[in-house]
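Summary of structural features
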Amino acid sequence: MSWLTLVAVALVTIAVLLVIGVALARIIGLRSFTAIAVAPAFTMTVIAIASIVMPWLHIPWGIIGVLAVAILIGAVLALVRWATRRWQPVAEQRERGAFDPWLLAGLLIAVALLSARVIATIQEPDRISQTYDNVFHLNAVRWVLDTGSASALDIGYMTNPGGSPSFYPSAWHGLVALVVQLTGASIPIAINGAVLAIAAFVTPLGLLFLSRTLFGRSVAISVATGVVTASVPLSLLLMDYGVLYPFQLGVALLPIALAVSARLLRLATANNELGTLWWAIALVGLMPGLALVHPGAVMAWLALSAPLALVFVITRWRSHPSRRARTALLAGSATYLLVSAGMLYALRPPALARGWQPEINVNEALVRVVTVHPWYPYAPLLVAVAVAVGLVAAVRRADRSSLSSVGIYAVAAFLYVVAAAVPFPVRDLFTASWYNNIPRLAALLYVAVIPVAAYGAAVAWSFTERATNSASTRPYVGRTVAVLVLLAAFVLSQVGPLSAMPQAQRAASASFALTPDSPLLSSDEAALLKRLDEHVPADAVIAGNPWTGTSVAYALTGRHVLMPHIQMVISDDLAEVNDDLRDATPGSAVCAAVANLGVEYVLDFGSREVHGARHIFDGLQDLKDSTAVRLVDSQGDARLYQVVGCDR
């Protein structure tokens, strides 16, 4: 399988994320880099809305329906913009955005380095993450393609076919399903292509937008943000742990939401192209996509934007001393706090899902924050130094945008320390929205760290240039030395003992390794699945223990499985098959269940389970000694049986 195929799929993903979003951004008045930066978030909102609306209209999931929704939204925005044209800022206030080669350089540095890391982590274009959560993500994409619905209200039927509607954020799955439809790629390649696009393009794009919003459009900020983004394992962490594909996309969109919030509240160093009304519309327009990608991303925005709100309130309080203005400010602040508290309570995961315990003490958690290694045991020390310089410089600068950046960092650090070291019930009060789970909070810390570190690197650049110039009478010596120092720091941030990336890459790549003992799908099992369509008709259903990886047959082959996820709602018929299939005889209760469910085959992948646990399904055990099934195909210890016990 050619890597060019994967790159092509990633480029299609980027095109989907940009074309729709840029068009909408331009309608509301954004131009240049800003329009490109906000585009992925706008596109995900279109996908989120389309995923809900299209099933109601009985329109199958596909790009035509998504484009129709985008056109309708664009028409409404154009109409509103025309109606409010008198309130738009005058032309000279807008950011015209002449071509910025250093911005492009910063983006390309991050894209190139992160692409190399992601590709090395995946190892082969069609590898799958050998993790528990990936069973759901793989099969949910197949379910969207089969049913024609990507709705967050429908996708729960995959694990509970006979139940009532339930909510599960599905925008990421809808995006990947679109990529499959547009490219014809297999589901594993479509997922890996989407991950490559999100990790290596959307993430640095959003972080560049946030850094430039908070610290200006300088050469140093642009280049340093690209280098720092490629020097911390933010994207690798969310490919490794979980696997947290939807949260990875939510975290990639988070800096965009924070940058738009800063511009709405007039806390940005950069020029504001839009008036308050349209920045508010832009922020509201981000939220559906953010929420239906992952609610944890919305809560992350709420938490990390709290310092922005605080700086805004303090600034307005000082500049508007009238009683009326301050009363309105207090009322607005009270409303904000009440809504935030309501969201904090309403968007918590179930109690059973957020039972993660603290793993270290507070002192160790603080050390991890300071040294910027919140999850992997490898510290990017140059980034840590840049963060320290950036924090000191931001506090000394003491303007609204720099203090906002310090506040974002402080909130992210606080949440990480709580999740890592503080016991219940305090941790549940603050970090329940992220399952009280350290890796999720580590990802948010990286988002907060990168702009501050970029600013620290920019300050160090300026200091080096000035110091060298003061010691030399030759022109350009200072800049030359500063460039050489930056290049040395860049190399050291990627390789050697001061870098965290090579070790993090090796750790993350273990999740994608295909070996005889892989935790979810072994090499023998994968080989057997490649031949599955030779034996199993398209309308047949396959039974099997989902913990052993049999469930992914649905995503990889398109053949239906009895349990497409590990966490299934067990019906009476399903329980009957799981408990008694090996003893099936004509006229038995299990044969009635087999007929009701359409079960014709069984996959037996042994007893190795994805979490190293042991789950016994008596009806699926010791099938080699059962007369109820007949061996059809095998590869090593992986076996495919046909159910014959109900035919005699």
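The present account deals with the structure reproduced in this document. (Residues numbered from 1 in each chain as written. Predicted model: local features only at pLDDT ≥ 70, side-chain atom pairs only at ≥ 80, totals over all residues. Heavy atoms only, no water.)

Attention now moves to the overall build of the protein chain. Helix and strand content of the protein chain: 25 helices and five strands. A compact globule built from 648 residues would reach a C-alpha radius of gyration of about 26 Å, and the protein chain, at 26 Å, matches this within 12%. Counting only C-alpha atoms and orienting by the principal axes, one finds that the protein chain spans roughly 95 × 55 × 50 Å. Counting every position in the protein chain, which comprises 648 residues, the buried fraction comes to 56%. For the protein chain, restricting intrachain contacts to residue pairs at least 6 apart in sequence, the fraction spanning at least 24 positions comes to 73%. Looking at the protein chain as shown, the accessible area adds up to about 26,100 Å², and 64% of this sits on carbon and sulfur atoms. (Helix = DSSP H or I, 4+ residues; strand = E, 2+ residues; numbered from the N terminus. Rg over C-alpha atoms; globule rule 2.2 N^0.38 Å. Buried < 20%, exposed > 50% of the residue type's maximum accessible area, 1.4 Å probe, protein only. Contact = heavy atoms within 4.5 Å. Areas by Shrake-Rupley, 256 points an atom, 1.4 Å probe, with all protein chains shown as cover.)

With 29 residues, helix 7 (residues 187-215) extends 40 Å from end C-alpha to end C-alpha; this agrees with the ideal 42 Å at 1.5 Å per step. The largest bend in helix 7 comes to about 35°, at isoleucine 198. Taking burial as the measure, the 29 residues of helix 7 include 29 buried ones, the bulk of the element. In the stretch just after helix 7, glycine 216 is the one whose phi turns positive, near 95°. (Expected span 1.5 Å × (residues − 1). Bend = angle between axes of the 7 residues up to and from the residue.)

It is worth spelling out empty space enclosed by the protein at this point. Across all of its chains, the model carries one cavity of 30 Å³ or more by this definition. Lining the largest cavity we find Leu210, Leu214, Ser405, Ile408, Tyr409, Val447, Ala448, Pro451 and Val452. Among the secondary structure elements, those contributing two or more residues to the lining of the largest cavity are helix 7, helix 17 (400-421) and helix 19 (438-471). Here the element with the most residues in the lining of the largest cavity is helix 19; it accounts for four residues. Looking at the lining of the largest cavity, its residues break down into eight nonpolar, one polar and no charged. (1 Å grid on protein atoms, 1.4 Å probe; cavity = no way out; pocket = protein on both sides within 12 Å on 5 of 7 lines; lining within 4 Å. Points joined across faces, edges and corners; volume = space filled by probe spheres on them. Nonpolar A, V, L, I, M, F, W, Y, C, P; charged D, E, K, R; others polar.)

A few words now on helix 12 (residues 295-304). By the criterion of burial, helix 12 is predominantly enclosed, with 10 of the 10 residues buried. Restricting attention to buried positions, one finds in helix 12 the residues Pro295, Gly296, Ala297, Val298, Met299, Ala300, Trp301, Leu302, Ala303 and Leu304.

So, on to a nonpolar patch on the surface. Taken together, the side chains of Trp56, Leu57, Ile59, Leu153 and Phe167 define a hydrophobic patch exposed on the protein surface, amounting to about 530 Å² of accessible area. Here phenylalanine 167 shows up in the loop between helix 5 (132-147) and helix 6 (171-183). Residue phenylalanine 167 is classed as partly exposed on the basis of its relative accessible area, which comes to 46%. (Patch = residues over 30% accessible without salt bridge, like charges linked within 9 Å, V, L, I, M, F, W, Y side chains within 5 Å. Salt bridge = Lys/Arg side-chain N within 4 Å of Asp/Glu carboxyl O.)

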